[in-house]
Amino acid sequence: PAMGTPKVRRKTPARDEAVTVDDVGSYLATLPADRARALGQVREVVRRVMPHASESLQYRMPTFEVAGSAKVAVASRKDHVSLYVLDDQAVRRHRSRLGRVEVRDGCIRYRLSDDLDLAGFEAMLHDIVRRRG
């Protein structure tokens, strides 16, 4: 580049660019059955509450976006499932209804699919949709 011209940096696809929904399926296929079930339950609730959300693999996690803005992401970790709901206020308002989960660092963590109260999670998502319009 010419002197004074900023260098354009490309984002790496593995971290920063969305890939197709087919890759979400591939991601889920690599998981143990209990983790795939837990992630599948969360994905079903998100699809029911946010039917217009698009799903893709971002930052190596199935992520749901509405109007280009990420709302929910979910990932299988070594000892737990991580659920990222990108509305801290909603998480605080509904924390008591989420079941046996740990909430910290902008993340809801739970070990078994039965630990997350899916009705509480669904109520939180409905709250997010109502408040965001």
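Structure first, text after, so check above.
Residues numbered from 1 in each chain as written. Predicted model: local features only at pLDDT ≥ 70, side-chain atom pairs only at ≥ 80, totals over all residues. Heavy atoms only, no water.

*Asks:* What is the right way to read the overall build of the protein from this model?
*Replies:* Along the backbone of the protein there are five helices and six strands. Walking the protein from its N terminus toward its C terminus, one meets helices and strands in the order α-α-α-β-β-β-β-α-β-β-α. Taking all 133 residues of the protein together, 43% fall into the buried category. Partitioning the contacts of the protein with sequence separation of at least 6, the portion at a separation of at least 24 is 51%. For the protein, the accessible area works out to roughly 8300 Å², and carbon and sulfur atoms hold 51% of it. (Helix = DSSP H or I, 4+ residues; strand = E, 2+ residues; numbered from the N terminus. Buried < 20%, exposed > 50% of the residue type's maximum accessible area, 1.4 Å probe, protein only. Contact = heavy atoms within 4.5 Å. Areas by Shrake-Rupley, 256 points an atom, 1.4 Å probe, with all protein chains shown as cover.)

*Asks:* Mind showing me how you'd approach the nonpolar core here?
*Replies:* Within soluble globular proteins, side chains that are nonpolar generally end up buried alongside one another. L83, F121, M124 and L125 are the most contacted members of the largest nonpolar core, which totals 35 residues. Put simply, the parts of the chain that give this core at least two residues each are helix 2 (21-29), helix 3 (33-49), strand 2 (61-66), strand 3 (69-76), strand 4 (81-85), helix 4 (88-94), strand 6 (107-110) and helix 5 (118-132). A per-element tally of this core places helix 3 first, with six residues. Contacts of M124, omitting those with residues within four sequence positions, involve V85, A90, V91, H94, L98 and I108. (Core = buried A, V, L, I, M, F, W, Y, C linked by side-chain atoms within 4.5 Å.)

*Asks:* Can you walk me through the sheet that holds strand 2 in this structure?
*Replies:* Strand pairing in a sheet relies on backbone hydrogen bonds. The paired strands run either parallel or antiparallel. In space, the six strands of this open sheet follow the order 1-2-3-4-6-5, with antiparallel pairing throughout. Each having just a single partner strand, strand 1 (54-58) and strand 5 (102-104) make up the two edges of the open sheet. For this sheet, the mean angle separating the axes of adjacent strands, direction not counted, is 25°. In this structure, strand 1 lies alongside strand 2, joined through five bridges in antiparallel fashion. Residue pairing across strands places E55 opposite F64, the latter belonging to strand 2. (Pairing = 2+ DSSP bridges. Axes fitted to C-alpha atoms, helices over the stretch in contact; angles between N-to-C directions.)

*Asks:* What is the right way to look at the packing of helix 3 against helix 5 in this model?
*Replies:* The relative placement of two packed helices is expressed as an angle between their axes plus a distance between the axes. Contact geometry of helix 3 with helix 5 gives a least axis separation of 10 Å together with a crossing angle of 35°. When you trace helix 3 past helix 5, the crossing you get is right-handed. On the side of helix 3, the interface is formed by Q41, V42, V45, V46, R48 and V49, while helix 5 contributes L118, F121, E122, L125, H126 and V129. Here the residues of the contact of helix 3 with helix 5 sort into eight nonpolar, two polar and two charged. (Left-handed = near helix turned anticlockwise from the far one by under 90°. Nonpolar A, V, L, I, M, F, W, Y, C, P; charged D, E, K, R; others polar.)

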